[in-house]
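An overview of the molecular structure
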Amino acid sequence: MKLLRFLLIGGVIFVGLLAVLLALAFTPSVQTWAARRALAGQKDMKGELGRVDVGLQKTELSQLRIERPGMILTVPAATVELPLASAAGKNIQIRRLVAKGWILDLTAPEKPANLTAWDEGIQVATRLAVIGLAQVPAAQAAKPASATSAFEGIFKLLNLPVDLQVDSAELEGDVIFPTKPGQPAGRAHVTLNGGQLAVGKTAQFQLKATAKLSGPDAPVTDLNASGVIEARMDTPRTFLWLTTQLDTAATGPKFPNGAHLKADLKAERAAEGETYTFGLKSMHASTGKQLADVRVSFPYASRQLSGSWKLDAQDSDIAPFTLGMPMPGFVATGEGKFEADPTFAEIHAVGRFETTLERLEVLQAPLAAIGRLQAQGDFDVVQRANVVQVDRFSANVAGVRPIFAVQALQSIELNPTTGELKVADPQKDLFHVSLQGVPLAWVQAFVPDVSFSGDDVRGEFVARAADGGVAVRSVSPLTLGRLTVSQAGKLWVDKVDVSTTLSAAYSPAGWQADIGDLTLSSGGARMVSASLKAGQQAGKDQPIKATGQYDVDLAAAVRQPVLVSLGALTKGRVSGDFTAVVTEPLKQIAAKLEVKDLAAPGVTKPIPTATTNLRADLQADGLIKLQMPLVLQSGDRRSDLDATAELRSSGSQQQIDAQVTSNLLYIEDLQLLAGALQAASQNSGTQTQATPAPLPKPAGKTVSTTPANGPTPEAKPIWSGISGQFRLALKKVVYSPDVQAADVAGTMKVGADAVTLEGVRMNMGEGSGAKLNGGLKFNAKSKTPYALDGDINVANLNAGPILALMNPQGKPTVEGQFDMAGKFSGQAATPDALASQVQADVKLTSRGGKFNGFAAAAQGMNLGKYEKGISTVASIVGLAAGVMGSKTDAVAGLEQGRAIASVVKRFVVIDFDQLNVELKHRPGEETKVSDFSLISPDVRLVGNGSIQDVPNIGWLNRPVHLELQMAVRGDQAKDMQTLGLIKDQKDALGYTPLLEKFPVDGTLSSLGTKAFFSLLTRRLGGQ
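Residues numbered from 1 in each chain as written. Predicted model: local features only at pLDDT ≥ 70, side-chain atom pairs only at ≥ 80, totals over all residues. Heavy atoms only, no water.

**Some points on the overall build of the protein**
Tallying secondary structure elements over the protein gives 16 helices and 52 strands in all. By the burial criterion, 33% of the 1023 residues in the protein qualify as buried. Taken as a whole, the protein presents about 56,700 Å² of accessible surface, with 58% of it coming from carbon and sulfur. (Helix = DSSP H or I, 4+ residues; strand = E, 2+ residues; numbered from the N terminus. Buried < 20%, exposed > 50% of the residue type's maximum accessible area, 1.4 Å probe, protein only. Areas by Shrake-Rupley, 256 points an atom, 1.4 Å probe, with all protein chains shown as cover.)

**As for the pattern of salt bridges**
Across all of its chains, the model carries 40 salt bridges by this definition. We note a salt bridge from Arg898 to Asp975, for which the minimum N-O separation is 3.4 Å. Pair noted here: Arg898 is in helix α14 (residues 888–908) and Asp975 is in helix α15 (residues 971–979), with a separation of 77 residues, a long-range link. Arg940 is the partner of Asp987 in a salt bridge, and the nearest nitrogen-oxygen pair spans 2.6 Å. Note that Asp987 is positioned in the loop between α15 and β50 (992–993) and Arg940 in strand β48 (residues 939–947), a separation of 47 residues in sequence. Given the relative accessible area of 27%, Asp987 is considered partly exposed. Classification of Arg940 by relative accessible area gives partly exposed; the value is 21%. Linked by salt bridges that have partners in common, Lys605, Arg637, Glu668 and Asp669 make up one network. (Salt bridge = Lys/Arg side-chain N within 4 Å of Asp/Glu carboxyl O.)

**A closer look at the pairing of strand β47 (residues 927–935)**
If a strand is regular, its side chains alternate between the two faces of the sheet. As judged from the seven bridges shared by strand β46 (residues 914–921) and β47, these two strands associate in the antiparallel manner. Directly across from Asn916, in β47, lies its bridge partner Ser933. The hairpin formed by β46 and β47 contains five residues between the paired strands, and Gly924 there has a positive phi angle of roughly 80 degrees. With seven bridges joining them, β47 and β48 adopt antiparallel strand pairing. In the strand pairing of β48, Phe932 is matched with Gly943. Here β47 folds back onto β48 in antiparallel fashion, the turn holding three residues. (Pairing = 2+ DSSP bridges.)

**Considering the side chain of Thr191**
Tracing the backbone through its elements, the reader meets Thr191 in strand β8 (residues 186–197). Ignoring anything within four residues of it in the chain, the contact list for Thr191 reads Leu171, Glu172, Gln206, Leu207 and Lys208. (Contact = heavy atoms within 4.5 Å.)

**Things to note about helix α10 (residues 799–806)**
For α10, every residue scored as buried is listed here: Ala799, Gly800, Ile802 and Leu803. Taken around the axis of α10, the buried residues stretch over an arc of 165 degrees, which confines them to a single face. Next to the buried residues of α10 lie β39 (739–750), β40 (754–765), β42 (786–798) and β43 (814–828). (Arc of directions from axis to C-beta.)

**Here we look at the pairing of strand β35 (residues 637–650)**
One ladder, built from 12 bridges, connects strand β34 (residues 623–634) with β35; its direction is antiparallel. From the neighbouring strand, Leu626 faces β35, where its bridge partner is Ala645. For β35 and strand β36 (residues 653–662), the ladder comprises nine bridges, and the chain directions are antiparallel. Each residue of the ladder has a partner; that of Thr644, found in β36, is Gln659. A loop of two residues connects β35 with β36, the two strands running antiparallel in sequence, and Gly651 in this loop sits at a positive phi of about 70 degrees.

**Concerning the packing of aromatic side chains**
This structure, assessed with the given rule, holds 15 aromatic pairs. Note on Phe298 and Tyr300: the rings are 6.2 Å apart at their centroids and 85 degrees apart in plane angle, and the pair reads as edge-to-face. What makes Tyr300 partly exposed here is its relative accessible area of 27%. Between Phe854 and Phe907, the aromatic rings sit 5.0 Å apart at their centres with planes inclined by 65 degrees, giving edge-to-face as the arrangement. With Phe854 in the loop between β44 (838–851) and α12 (855–859) and Phe907 in helix α14, this pair connects stretches of sequence that are 53 residues apart. Across the pair, exposure class does not vary: Phe854 and Phe907 are buried alike. Connected via pairs of aromatic rings, a cluster forms that spans Phe851, Phe854, Phe907, Phe932, Phe998, Phe1012 and Phe1013. (Phe/Tyr/Trp six-rings, centres within 6.5 Å; stacked < 30°, edge-to-face > 60°.)

**A short note on the nonpolar core**
Ranked by internal contacts, the top residues of the largest apolar core, which has 43 residues, are Phe854, Phe907, Met966, Phe1012 and Phe1013. With near-sequence residues (within four places) excluded, Met966 lies in contact with Phe854, Phe907, Val939, Arg940, Leu941, Met976, Thr992, Pro993, Leu994, Phe998 and Phe1012. (Core = buried A, V, L, I, M, F, W, Y, C linked by side-chain atoms within 4.5 Å.)

**A few points about α15**
Among all positions of α15, only Gln972, Ala973, Asp975, Met976 and Leu979 are buried. One side of α15 holds all its buried residues, which, seen down the axis, span an arc of 165 degrees. Directly beyond the C-terminal end of α15, a positive phi value near 70 degrees is found at Gly980.

**Describing unusual backbone geometry**
Cis geometry marks the peptide bond from Glu584 to Pro585; its omega dihedral reads 15 degrees. In this fold, Pro585 is placed in the loop between β31 (571–582) and β32 (586–599). A positive phi is found at Asp743, a non-glycine position, where the angle reads about 50 degrees. With respect to the element layout, Asp743 can be found in strand β39.

**Some remarks on the environment of Ala209**
Its location among the elements puts Ala209 in strand β9 (residues 202–212). With 15 residues separating them in the primary sequence, Ala209 and Asn224 have C-alpha atoms 5.8 Å apart.

**Points about a nonpolar patch on the surface**
A cluster of nonpolar side chains, namely Tyr506, Trp511, Ile544 and Val582, defines an oily patch on the protein surface of about 310 Å² accessible area. Tracing the backbone shows Tyr506 in strand β27 (residues 490–507). (Patch = residues over 30% accessible without salt bridge, like charges linked within 9 Å, V, L, I, M, F, W, Y side chains within 5 Å.)

**Let's talk about the environment of Ser476**
Examined against the element boundaries, Ser476 turns out to sit in strand β26 (residues 469–487). Taking the C-alpha atoms as reference, Ser476 lies 7.4 Å from Thr501; in sequence the two are 25 residues apart. If we ignore the near neighbours within four places in the chain, the residues touching Ser476 are Gly459 and Glu460.

**Digging into the side chain of His921**
The residue His921 is located in strand β46 in this model. Using a relative accessible area of 17% as the deciding quantity, one classes His921 as buried. At 3.0 Å, the side chain of His921 forms a polar contact with the side chain of Thr927. With near-sequence residues (within four places) excluded, His921 lies in contact with Val838, Gln839, Ala840, Thr927 and Trp955. (Polar contact = N/O pair within 3.5 Å; in protein donor to acceptor, adjacent residues only side chain to side chain.)

**Quick notes on the confidence of the model for the protein**
Taken residue by residue, the protein gives an average pLDDT of 81. The fraction at 70 or more is 84%. Every residue in residues 1–25 is under pLDDT 50, and counting partners more than four places away or in other chains gives two contacts. (pLDDT = per-residue confidence, 0-100.)

Encoded structure:
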């Protein structure tokens, strides 16, 4: 009894719990909670639900919102009258389905904003075509056909997993759809009413849609569609036939009489098989035009799909129904047949086509350059497993005149997976391609930023089977005449004729392409000759290799605008070759370049030949290694420079480690090469006239042309994003036989906020050397963020050969060993402004040498004239002495003449014991010579002055003005006393100053001292 009571009590509790669970299951709040959890668990979809109520006979839901990429569906309310008990037994008996007020928004973003609907459609179609062509044969080859993957008819696909019956359906809502770019979205009101979907009955559903399009440019404003969908079932899970008839009418500004389109789709199942038909007809009044007609049959006995298609349509038939989206103009006609086995392992298509295309700019604006095209052709193609067989193919494309033609010359079989090609006759050509006149404007369509013009592209090619693949070669050269290229209104290439031959081969072993006999000519003169080969062997990770040669006649090439800076070169050639190897992870490029036989106006010396061998290695981790050796050869003289660099990128940061080395470098060779290029540029006929040199500025401060508020400071240094170091190591640098430097070395380091020079030095001879230290710092918080600071020190430098090198026409102003100490600094808002803001203090000191500053003026005084005058005076004095018995005045004149001659001779060369020069340069001012002093046994010169600031002229050639005070002693003092030029008292060192100062002008390399010698000649004249 106890056991019976326990079981009874347990049963009551179980039934009670079950009742509670069932009650909860049919509680709307619990059902809503469960539905929301189900929506939240969906991927790629965001769902919201207000309420759901599932009953035994009816289910209701409200405030449903589903978001997916490109679509938002909102349903205010929906009701389904469906017995829950029968549904649980896979018997779906929908007595009534009602959903009204729903909105399907198809304008939700799912693609980049700048991609138009047409662009997207083209991209999708292209992707599908490429994926289909590339993957279907491979997939069929990799996976044999099976019964489960074979096509068994459309009605097999329509077999339902449950019993279905729909008595009534009422659906009504709106669809928001995109229209022409820039136009407001369209809105269509859609209703679907009907029912009677059950065994033995003919189900019928009425479809109606009304669309309104707005916008000032909308070609169609009203679009109305009505149709009937009918179906008949022979069992609760299978269909006997399905039909759809849809009539669409469009009216608008461009179609005032309206446009009508009728579509019929029908699928039928019978005992012997299935048939499918699709027809599209354009209706005009009481007549109709069949635009498309497709018929397919699928007999169960043969299980072979077969059908036919016909096409006769144009854009005006379709345009009213594209929902406002623009479409290109076209006329397309054609017909054909096709067959396929159930697994689609073998598809046979045969047909012909003829089409006209225009207004392609509605797809992409640059395509407007293509204009109107006409194409026609026919084909007979079989795809069998992984082999494509072409039995017949031809196509002709023309515009205003024929453009190109393609024709298959024999039957071919191609395996896209392996690349293997089989032909009936290996000795016979496969295809013939004739470029009869491809417009250059077609290139313009794909490079909108560059303007092209010229003749049409012409040439002929044939393809032939080779090594299991195909080889293509030119029958006649590819030519393009009068090519002209410009960008942003700037002409780069002007009327260049291009000719080349092309060949290419592809086989299971790999591919190769060859561009041969490439020539660029203009005005009958050949400018460029080149050739290029590239190829890759089959197999994983095989490199792509390329090699080529080129030769450029500079005298002909510089006539092109792109080389206008070298327009006056009268002779020269650039030639070389290159190789490239592209693999993962390494890409290597090597190129040889030789520039020789250069000639330019004004350059009389032979210009050296320049040769470089460039090598670049690009690694997958972003590291780039560069080698750039340069050799200059001039007769037996050879200069070398070797530049190497490693560049590593990390986001926006570039790290550089570079070095320039040389064993022997002749500066003259570099100057000759650079001078020839500069002379070619300056003498180019297309260059503007040279600006006359500015007149010397008056003494005093230089007038600044910088705006009062100055340039805007920069937020980042010009080297922002770059870090690393540059090293220099030159063993020997030859400026002239007398001026040479050794061990020229130093390092420039680039950091985040500073560029510094470290250990910059050179050896200028025994005991002579120079050192330079300094840097450029950047402070973003300063109004003048760029700050320059440095110093230079030179010890025991022989100045004579350097000055002689700078002024080869005259004797150097100074000869001797000098020490130099200098400091420079400056601050500016921008690097461009820094040069005008630098201040410098320089001191030059010499302990002995020769001063030739008076030599030019002294040698120009014609001492022979004075000596002849002295001899004549002596004769007159002797004769007068005998007659008059006195010679005082005559002797005095004779002494003055002799004194002038002696003084002048001593000033030709002054052997000095000490020479000091101090220079001070401040921004916006002339350079001050704050101290000039020269001491020799007989002469002492002291004074000051200035050096004028003349842009684009070297320091030694800038105008100078000095005010000097001279003091003399010894024989020089005696002669000066004879001339009456010096004072009576001597200083502590025995020097007697001249009565007056004298100016010195000219330049530092050629001082003007005529003012001093004017003092002597005035004394001889009694002034």
